[in-house]
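# Coordinates in review
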Amino acid sequence: MASSSITITIITFLFLFLLHHSSAKKTYIVRVKHSDEPDSFQTHHDWYTSQLQSESSLLYTYTTSFHGYSAYLDSDEADSLLRDSDSVLDVFEDPVYTLHTTRTPEFLGLNSEFGVYTGQDLGSASNGVIIGVLDTGVWPESKSFDDTDMPEIPSKWKGECESGSDFDSKLCNKKLIGARSFSKGFQMASGGGGFSSKRESVSPRDVDGHGTHTSTTAAGSAVRNASFLGYAAGTARGMATRARVATYKVCWSTGCFGSDILAAMDRAILDGVDVLSLSLGGGSAPYYRDTIAIGSFSAMEKGVFVSCSAGNSGPTRASVANVAPWVMTVGAGTLDRDFPAFANLGNGKRLTGVSLYSGVGMGTKPLELVYNQGNTSSSNLCLPGSLDSSLVRGKIVVCDRGVNARVEKGAVVRDAGGLGMIMANTAASGEELVADSHLLPAIAVGKKTGDLLREYVKSDSNPTALLVFKGTVLDVKPSPVVAAFSSRGPNTVTPEILKPDVIGPGVNILAGWSDAIGPTGLEKDSRRTQFNIMSGTSMSCPHISGLAGLLKAAHPEWSPSAIKSALMTTAYVLDNTNSPLHDAADNSLSNPHAHGSGHVDPQKALSPGLVYDISTEEYIRFLCSLEYTVDHIVAIVKRPSVNCSKKFSDPGQLNYPSFSVLFGGKRVVRYTREVTNVGAASSVYKVMVNGAPSVGISVKPLKLAFKSVGEKKRYTVTFVSKKGVSMTNKAEFGSITWINPQHEVRSPVAFSWNRF
């Protein structure tokens, strides 16, 4: 009897489990064949609603960035849509993306926004440029959105400033001209309608800080006497101080949902933005399943430049995100500014690190040092609950970097009674130093210094330290250095396209901040500040977005591909000591899988001499070469059909400003590129080749002579893998540069012998 009741109980449990999971609803993105819409429906919305069991299931209708809609469905409904309707081409779960979290303009050579360019005031010209930022929203009261002396909003602008419970539409002005929020995907993922955080609401208001930081980096107005708690004092300004800003809130407490991102891109394109900036991303996916790639293709076709962060998963190989060739993929480097701090040890040694701690100092009395003193095996990492208060109270705690947030480690130490912290890098972060505004006196040190410190604590009978903070230091050398966290190539979706494209300033960047949250982002941080210093490819991306806006103002006739080419081919690969760029991960020489074409140089990008332009038709030929189905390509290009008869034989044939040569089983790879003269008439360029040890490179012709501006010329490069080269995972690098007395148009080349 007992066994039969147990059997019944198990069967009942399994039934309820299966019932729950079969009926659990999720957000799905549904792609449809627009040309199949019957004439009986007045709108796409009406047609889409007819396909669903409930009208309330429909979340968004997409028109520009994507052909289809998103809906809140259970798995059976999703399956039946695809099974029962020939008009439904694809149904997939809503992807979730994550955020890639005053001296910058001078470091980039931006002096009063280039001053006068070819007889035209570039500051005035950029009044007509609109930069759209998809992020966590905006804090409109920030001084960085001051619209003093700005002319009327451009007539092309079709957007608006939405009101919310904590956001008055009147807060927008002639600088911040638009603010919208998109939360349906997020709300459905949160259980069908609520906000988990009391601070969040359906409004463009930024309660995270990230969105205000990125938007003011791209185009914030100049604010004098800005600083973060005394650090980095000076004038804070965005890249394009006279450009307009429109913000689209798509990121919430649990992430940035693809359905919301597509809706925002759809709206931004219709609103009339010139540039889209997305400091967010996820893992790699085929382009037809990548909502950012799909939306940005539509933007590119409408003449909108799209800049995306490369991700913060470095120095891991093949970790780069947002790799579509029509997107500018931006990695991160350091500035020539630092925030030094020191640990004076009891053995007489002085360890150098960095810090943004701004509170009361430690005085002059050294304190005892402890390491790995806690209740768990994770006490070395200072995870919440891992430290033993009786062992760390009144002492300085050494914490290994990794796993939890850097600022959280400081909070854990403080809560356990510690009076200071030294955060020491491990092999994963190498020698990269990122300054943080900890809640207690704390500094960060690199791996080599950290190893010395850990050994000192273990071997000395009475280890002590005194932490000393030295404020802000300028003209640091070498700089830039590639940030260890900056995600790396090769490109896992299309290895024949070199990614990232460039690096820009992304370490310890000062920009505007939200008044809703402290600078660490921790709930227990009660401090409030108008500016904050942050690091990440999230910070480098809006630098490039702002620069693209300036190039758009200077050259309104240029396509997004031409602007991208100008930024890539003029990028530099030597630091301020005239040495090749280095990698903060291990202080070794960097390479194009880390820095792409190099670090952006906006002054040179204004006049690149030659550009590699790419038409929409060429991008379609590229997509055809990926062996996608016609339906998959249609998903990206949003046309009734595509003809792949003229497809490239190799994706690397795309007219890209850089080269990524994948030999595979071949010894010879040959590519033809076309360059357009945007310099002076009667310009002549000669080629300079920087080869690789295992590859022979030949270019024909060796000289390009242009008679007129706008003239196009082709050249062909043949890459030959030398005999005896083993088919290993190794990569080699070189470059091809077209030179005349005024210009150097440089393209990096990466070589690999197998995919991964």
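Residues numbered from 1 in each chain as written. Predicted model: local features only at pLDDT ≥ 70, side-chain atom pairs only at ≥ 80, totals over all residues. Heavy atoms only, no water.

- Going by an unreviewed UniProt entry, the protein chain carries the name Subtilisin-like protease SBT1.8 isoform X1 and comes from Camelina sativa.
- What UniProt states about the protein chain under its Sequence similarities (unreviewed entry) heading is, verbatim, "Belongs to the peptidase S8 family." (UniProt positions renumbered as here; feature names shortened; annotations may be inferred.)

## Describing the packing of aromatic side chains
- Counted by the stated rule, this structure contains 23 aromatic pairs.
- Where F182 meets Y248, the ring centres are 6.4 Å apart and the plane angle is 25°; that geometry is what we call stacked. Here the residue F182 occupies a position in the loop between β9 (176-181) and α6 (184-189), and Y248 occupies one in strand β12 (residues 244-249), the gap between them amounting to 66 residues.
- According to the relative accessible area criterion, F182 is buried, its value standing at 8%.
- Here the aromatic residues F659, F663, Y671, F719, F751 and W753 are joined through ring pairs into a cluster of three or more.
- Sitting above the plane of the F342 ring, R350 keeps its charged end 3.9 Å from the centroid. (Phe/Tyr/Trp six-rings, centres within 6.5 Å; stacked < 30°, edge-to-face > 60°. Helix = DSSP H or I, 4+ residues; strand = E, 2+ residues; numbered from the N terminus. Buried < 20%, exposed > 50% of the residue type's maximum accessible area, 1.4 Å probe, protein only. Lys NZ or Arg CZ within 6 Å of the ring centre and 35° of its normal.)

## As for the state of the cysteines
- Counting across every chain of the model gives four disulfides.
- Note that C161 is cross-linked by a disulfide to C172, the S-S spacing being 1.8 Å. Taking the torsion about the S-S bond as the criterion, the C161 to C172 disulfide, at about 60°, is right-handed. Highlighted residues: C161 in the loop between β8 (130-135) and β9 and C172 in the loop between β8 and β9, separated in sequence by eleven residues.
- Residue C161 is classed as buried on the basis of its relative accessible area, which comes to 16%.
- Residue C172 is classed as buried on the basis of its relative accessible area, which comes to 15%.
- In the protein chain, numbering the disulfide-bonded cysteines from first to last in sequence yields the connectivity 1-2, 3-4, 5-6, 7-8. (Disulfide = S-S within 2.5 Å.)

## Notes on the environment of P95
- Along the chain, P95 falls in the loop between β4 (88-93) and β5 (96-99).
- Considered as a pair, P95 and S70 are 25 residues apart in the sequence and their alpha carbons are 12 Å apart.
- The residues contacting P95, other than those within four sequence positions of it, are I29, C256, F257, G258 and T291. (Contact = heavy atoms within 4.5 Å.)

## Examining the side chain of S221
- Residue placement: S221 occurs in the loop between α7 (210-219) and β10 (223-228).
- A distance of 2.8 Å separates a polar atom in the side chain of S221 from the backbone oxygen of D146.
- Those residues within four positions of S221 in sequence are excluded, and the remaining contacts are K143, S144, F145, D146, K175, A236, R237 and T241. (Polar contact = N/O pair within 3.5 Å; in protein donor to acceptor, adjacent residues only side chain to side chain.)

## Remarks on the packing of helix α17 (residues 616-624) against helix α18 (residues 630-637)
- Interhelical geometry of α17 versus α18 gives an angle of 145° and a closest axis separation of 10 Å. In terms of crossing hand, the pair formed by α17 and α18 is right-handed. Residue-level inspection shows I620, L623 and C624 of α17 in contact with α18, the latter providing I633, I636 and V637.
- Its residues assigned to classes, the contact of α17 with α18 shows six nonpolar, no polar and no charged. (Axes fitted to C-alpha atoms, helices over the stretch in contact; angles between N-to-C directions. Left-handed = near helix turned anticlockwise from the far one by under 90°. Nonpolar A, V, L, I, M, F, W, Y, C, P; charged D, E, K, R; others polar.)

## Comments concerning the confidence of the model for the protein chain
- Counting all residues, the mean pLDDT for the protein chain is 90, and 92% of those residues have values of 70 or more.
- Throughout residues 1-22 the model reports pLDDT below 50, and contacts reaching past four residues in sequence, or to other chains, amount to three contacts. (pLDDT = per-residue confidence, 0-100.)

## Focus on the sheet that holds strand β14 (residues 255-257)
- Spatial strand order, β13-β14-β5-β16: four strands in an open sheet with antiparallel pairing. Two strands in the sheet have a free side with no partner beyond their single neighbour: β13 (251-252) and β16 (280-281).
- With two bridges connecting them, β5 and β16 associate as antiparallel partners. By the bridge assignment, T98 is partnered in β16 with G281. (Pairing = 2+ DSSP bridges.)

## Topic: helix α14 (residues 560-569)
- Counting buried residues along α14, ten of its ten residues qualify, which places the element largely inside the surrounding structure.
- Those residues of α14 that fall on the buried side of the exposure criterion are P560, S561, A562, I563, K564, S565, A566, L567, M568 and T569.

## Side note on the pattern of salt bridges
- Applying the stated criterion to the full structure yields 27 salt bridges.
- The partner of D90 in a salt bridge is R289, and the shortest N-O contact between them spans 2.9 Å.
- In this structure R289 comes out as partly exposed when scored by relative accessible area, which is 33%.
- For E162, the salt bridge goes to R180, with nearest N and O atoms at 3.5 Å. Taken together, the residues E162 in the loop between β8 and β9 and R180 in strand β9 connect sequence positions 18 residues apart.
- A residue is classified by how much of its surface remains accessible, and R180, at 7% relative accessible area, is buried.
- Sharing partners across several salt bridges, the network here consists of E162, R180, R267 and D271. (Salt bridge = Lys/Arg side-chain N within 4 Å of Asp/Glu carboxyl O.)

## Topic: the pairing of strand β17 (residues 305-309)
- The buried count for β17 comes to five of five residues, which makes it a mostly enclosed element.
- The side-chain alternation of β17 yields two buried faces, one formed by F305, S307 and S309 and the other by V306 and C308.
- As defined by bridge partners, strand β15 (residues 275-278) adjoins β17 across four bridges and the pair is classed as parallel. Looking at β17, one finds that L278 is bridged to C308.
- Bridge analysis of β17 against strand β18 (residues 328-333) gives three bridges, and the strand direction is parallel. Residue C308 lies in a different strand from β18, and its bridge partner there is T329.

## A closer look at the side chain of D501
- Within the element layout of this structure, D501 appears in the loop between β27 (473-474) and β28 (502-505).
- There is a polar contact of 2.7 Å between the side chain of D501 and the side chain of Y656.
- Beyond its immediate sequence surroundings of up to four residues, D501 is in contact with V327, M328, T329, K564, M568, H595, G596, S597, G598 and Y656.

## Focus on the layout of surface pockets
- One number sums up the size of the second largest pocket: a volume of about 600 Å³.
- Looking at the lining of the second largest pocket, the elements that each hand over two or more residues are β19 (337-338), β21 (350-354) and α12 (447-459).
- In terms of residue count, the dominant contributor to the lining of the second largest pocket is β21 (three residues).
- Its residues assigned to classes, the lining of the second largest pocket shows nine nonpolar, nine polar and seven charged. (1 Å grid on protein atoms, 1.4 Å probe; cavity = no way out; pocket = protein on both sides within 12 Å on 5 of 7 lines; lining within 4 Å. Points joined across faces, edges and corners; volume = space filled by probe spheres on them.)

## Some points on the nonpolar core
- Membership of the largest hydrophobic core comes to 104 residues, with the highest contact counts inside it found for Y287, W326 and L623.
- One finds F228, A232, A416 and M423 within the second-largest nonpolar core, a separate group that totals 27 residues. (Core = buried A, V, L, I, M, F, W, Y, C linked by side-chain atoms within 4.5 Å.)

## Brief notes about unusual backbone geometry
- A cis amide bond, omega 0°, links G314 with the succeeding residue P315.
- Here P315 shows up in the loop between β17 and β18.
- Here the bond from K499 into P500 is cis, since omega is 0°, no more than 30 degrees from zero.
- With respect to the secondary-structure elements, P500 resides in the loop between β27 and β28.
- Even without a glycine there, the phi angle at N508 is positive, about 55°.
- Here N508 is to be found in the loop between β28 and β29 (509-512).
- With relative accessibility at 3%, the residue N508 sits in the buried group.

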